[in-house]
Each structure stands twice: as structure tokens, then as C-alpha cells.
Amino acid sequence: MSGHSVRFPEFASRVSRFTIHHLPLLKKLILKPGREKSLKRRHPWVFSGAVARVEGEPGAGETVEVRSSSGAFLAVAAYSPRSQIVARVWDWEKRAIDGAFFNECIKQAVDQRQTLLNPGATDAVRLVHAESDGLPGIVADRYASTIVLQLSSAGAEHWREAIADTLAALPGVTRVWERSDAEVRNLEGLPAATGPLRGDPQPTQITVTENGLMFRVDLEHGHKTGFYLDQRVNRQQVRAAASGRDVLDCFSYTGGFALNAAAGGARAVTAAESSADALDLARKNAELNRLPGVDWIEGDVFHLLRKFLDEGRRFDLIVLDPPKFAPTAALAAKAARGYKDINLLAFKLLRAGGLLFTFSCSGGVTADLFRKIVAGSALDAGVQAQIIGRTGPGPDHPVALNFPEGDYLKGLLCRRTE
Ligand code: SAH
């Protein structure tokens, strides 16, 4: 090992003793003067404006060395010629990026989730969370014995087969299904790619268990990779708070929060969702768990909340889990109006003492901005409210401290006091 590795062993954890020799000669990205700063803070993206020149004509997804203007080595990264994020870092040490690298990194991420997989109670967790697990552009979600893989960068795409091999070889995994159809692939110049990668192509609908409740997941047509795994811990909180309450679950998808409220002993549960397909699965999920009685309403939440208000309906617990209104900070103002609208209506619909679980999964809306929007909503609704909890995704969706962009999901638990 080099002296550097000995002095900073924690930084060298990925430098395996097998790969330090025989490094291939890599093509290079040379940065403009002063543009190495963010890489030195270990932010894993290189923006095209920071690059002075590219040496050796690397192909899309090819591994390159990133160097400062003075020639100092900074990182090995995947080249994305079509994207504004022109390179994403695989490692901060000079090492070979090959099948063994992915095997090592994926296994490390999977090991960290072992305690979350709890046979009989929970068999659906995120195994690989992209940049925050040191694997830019790679998401792998475990749904029972199926893994759904989402590749969203040229570098991830380049290593598809090696990544699929590693995932398929994990204990208990029988197949790997691809859902590389996120919009961000357009920015990388990549077409959508979906379907079976390893193992049986059928069935395309499977049943998973989350905290003891069963959910059908549609691998082909479900949102994202099929299920909103990031809300697992928050669904449990809703279950714990639901007893005896009139619950309204807005943006219900396949019933995640609504069924947890029912399982938690809610007095009544109403769920609102605009997608008929999602509601079909929600009804099936209710049957699977023998939780009848949820009132599933197909419609636009913005409209339904106004209608409920006009009808004089009131609730004791409301969940607002809308889709991403602002993927980027540039769209934050427009998103803010959307959040303001639904949170204001929700506060009006809450009885005194009622709880509001309100979420934003917009990367462009910071936690502080979201709190301000929710505070403004309560004020304009004419109600007094408190924050009694702040939340985010569960531990299978870590946020690397060097990657604030990963901090997309924030939740506030509020209580209307009067
Ligand atoms: N709470 C869900 C995830 C919600 S994702 C869970 O726990 O699984 C957001 C959902 O909002 C999606 O299912 C989407 O179809 C739905 N949606 C988007 N716009 C909507 C609108 N205006 N009215 C109702 N539902 C909407």
C-alpha cells in the first residue's frame, strides 16, 4: 500500500490489494484552473464548463482519469459526453474500474442493508442508492426475490452486464429486471431500456411485504422501479398514529399510507389518487391484507380537497405525498405554489388536534423552504399548528454528506392545535 493509503486508511477502503497494480492507461479530462475545488470536497460530478480539454477521445461511459490544470490526479470517473454532467466519479483513488469494482461496491451497499431485510415482515428495500452509495447512476431495489435495476448515466449503462451479474448472484435473488426509463436518461442521450435482464421474464406483477403488509408491485408499469420504497419508515409512523382517527391519504398510489392507516386502526380511511391503474392495485392490496372499507377516490387532489372543504368534511390525520413538483431549484417558485395550495387546504380540513404528515420529494425545494411554505399555509388557513416531527427517507436511502443533491425527500409532521 502507498504511504497515502496507510495514513488515511478510511479513504482507501475501496483500493483492494488486487487492483493497485497493472492499471490501464486511461484517457483524460483536464480541468480548467481552479475547477478542481468541488472534486477535492468529494462532490462526485464534473460539469462540462469545468473541463479545459479531453485527451484521447473516450467513448460514452468509458472510464477516464480526471486531472487538475496542473496535471494532479483527482479521480477516476465515467465519461458522459452528451450530458452537462460530463463525468461522474467512480473512485477517488487510481484503480481499475471493472467487474470486480462493481462486485465489491454493490456487495458493500447490500451488506449495509442486511438488517432491514426481515423475512416475513419486510422484503422490499433499496439496495443501491446511486451517488450516495458511491455508484452514480445506479439504483437497485429488491422486491422479494426480484431486483429492479435502474441505470441513468452513460457510465452505469456501460457496465450494465457486470452490474446485472453481481445482482443476480446475490443470495435469494432469482431475477433482475430493468427499469431504465427515468427521464434523466434523455439528458445522457440514452434511450429507455426496460424488461428482464436475468432470470424469468414472468410474472411481471409480484407481491412484496413491507412491515407485515403485502403490496402488489407492477414491474412493467409501476412508477419509478415499482414502489415508493423511500416512504417505508413514514408509513409506519402513520400506522402508529392512526388509531381512532378519520384519515385522508392524498396521492395514494397503490395505497401505501392508506393501508397502514387502516392497519393501525383508523376509524375511516379515504384515499385520493389520479391514476386508475394505481388505484386498481390499491384495491387489490386492500383485499390481500383483508383491510376492506377504504374509500378509494380517483381524481385530482387539488380539486378534491376543495370539494371536501365545500362539503364540510373534516379529518383527524391527513397525508400529503405529492409527486415531484420541482426537480431543480429553477422550478422552486412554481412548486412552492403547488405545495402552498394543498397544505393550506389540508390545514383547513383538519380538526383541532389533527395531524398533517406533509412531504416534498422535490430536489429543488430545500427543507428550509418547505418549512416556510408549510408555515405560510397554516397562517393563510387561519390555523395554529406545530411541527412535532421532521422526517426523510429510511436508512436504505442514505444521503452522502458530500452529495447534498441526494437530500430530496423531506417530511414534516404537524399538529393543528386550534
Ligand atoms: N404515497 C404514495 C406515493 C405517492 S407518489 C405511496 O406511499 O406509495 C405520487 C402519486 O400522486 C402518484 O401515484 C401519482 O399518480 C399521483 N398524482 C399525481 N398528481 C396527482 C393529482 N393532481 N391528484 C391526485 N394524484 C396525483
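Here the structure is shown first, and the text comes after it.
Below, the structure is looked at part by part.

Cut-off values and rules
- Residues numbered from 1 in each chain as written.
- Predicted model: local features only at pLDDT ≥ 70, side-chain atom pairs only at ≥ 80, totals over all residues.
- Heavy atoms only, no water.
- Helix = DSSP H or I, 4+ residues; strand = E, 2+ residues; numbered from the N terminus.
- Buried < 20%, exposed > 50% of the residue type's maximum accessible area, 1.4 Å probe, protein only.
- Contact = heavy atoms within 4.5 Å.
- Near = heavy atom within 4 Å.
- Polar contact = N/O pair within 3.5 Å; in protein donor to acceptor, adjacent residues only side chain to side chain.
- Axes fitted to C-alpha atoms, helices over the stretch in contact; angles between N-to-C directions.
- Left-handed = near helix turned anticlockwise from the far one by under 90°.
- Nonpolar A, V, L, I, M, F, W, Y, C, P; charged D, E, K, R; others polar.
- Salt bridge = Lys/Arg side-chain N within 4 Å of Asp/Glu carboxyl O.
- Pairing = 2+ DSSP bridges.
- Phe/Tyr/Trp six-rings, centres within 6.5 Å; stacked < 30°, edge-to-face > 60°.
- Lys NZ or Arg CZ within 6 Å of the ring centre and 35° of its normal.

1. Structural notes on the environment of Val110
Logical step 1: Positionally, Val110 belongs in helix 3 (residues 99-112).
Logical step 2: Relative accessible area serves as the criterion here: at 7%, Val110 is assigned to the buried category.
Logical step 3: With residues up to four places along the chain from it excluded, the contact list for Val110 reads Leu127 and Leu170.

2. Describing the site of the ligand
Logical step 1: The immediate surroundings of the ligand are formed by 16 residues, with Arg235, Glu273, Asp300, Val301 and Asp321 found nearest.
Logical step 2: Asp300 places a side-chain nitrogen or oxygen 2.8 Å from a nitrogen atom of the ligand.

3. A few points about the packing of helix 7 (residues 232-241) against helix 8 (residues 256-263)
Logical step 1: It is the contact of helix 7 with helix 8, at a shortest axis distance of 7 Å, that shows an interaxial angle of 35°. The element helix 7 and its partner helix 8 pack so that their crossing is right-handed. Along the contact surface, helix 7 presents Asn234, Arg235, Val238 and Arg239, while helix 8 presents Gly256, Phe257, Asn260, Ala261 and Ala263.
Logical step 2: Among the residues forming the contact of helix 7 with helix 8, the class breakdown is four nonpolar, three polar and two charged.

4. Regarding the pattern of salt bridges
Logical step 1: Summed over the entire model, instances satisfying the criterion amount to 26 salt bridges.
Logical step 2: As a salt-bridge pair, Asp246 and Arg351 come within 3.3 Å of each other at their nearest N and O atoms. Linking Asp246 in strand 14 (residues 246-250) with Arg351 in strand 18 (residues 350-360), this pair joins segments that are 105 residues apart in sequence.
Logical step 3: With relative accessibility at 9%, the residue Asp246 sits in the buried group.

5. Topic: the sheet that holds strand 16 (residues 295-298)
Logical step 1: If you trace the seven strands from one edge of the open sheet to the other, you get 16-15-14-17-18-20-19, paired in mixed fashion. Each edge of the sheet is formed by a strand with only one pairing partner; in this case those strands are strand 16 and strand 19 (385-391). Taken over all neighbouring pairs, the strand axes of this sheet differ in orientation by 15° on average, direction set aside.
Logical step 2: The pairing of strand 14 with strand 15 (residues 268-273) spans five bridges and is classified as parallel. For Leu248, the partnering residue across the bridge sits in strand 15 and is Thr270.
Logical step 3: Sheet strands in contact with helix 9 (residues 276-288) are strand 15 and strand 16, and its direction is about 170° off that of strand 16.
Logical step 4: Contacts from helix 12 (residues 367-381) reach strand 18, strand 19 and strand 20 (410-416), with the element oriented near 25° to strand 20.

6. Some thoughts on the packing of aromatic side chains
Logical step 1: Under the defined criterion, the tally for this structure stands at 13 aromatic pairs.
Logical step 2: Look at Trp45 and Phe47: their rings are 6.1 Å apart centre to centre, the planes differ by 80°, and that puts the pair in the edge-to-face class.
Logical step 3: On the basis of relative accessibility, which here comes to 15%, the residue Trp45 falls in the buried class.
Logical step 4: The exposure class assigned to Phe47 is partly exposed, which follows from its relative accessible area of 39%.
Logical step 5: Taking 4.9 Å as the distance between ring centres and 90° as the angle between the ring planes, the aromatic pair formed by Tyr228 and Tyr253 counts as edge-to-face. Of this pair, Tyr228 sits in the loop between strand 13 (213-218) and helix 7 while Tyr253 is found in the loop between strand 14 and helix 8, placing the two residues 25 residues apart along the sequence.
Logical step 6: Here Tyr253 falls in the buried class, since its relative accessible area comes to 8%.
Logical step 7: Among the aromatic residues, ring-to-ring pairing joins Trp90, Phe101, Phe102 and Trp159 into one connected group.
Logical step 8: Over the aromatic face of Phe257 sits the side chain of Arg235, whose NZ or CZ is 5.8 Å from the ring centroid.

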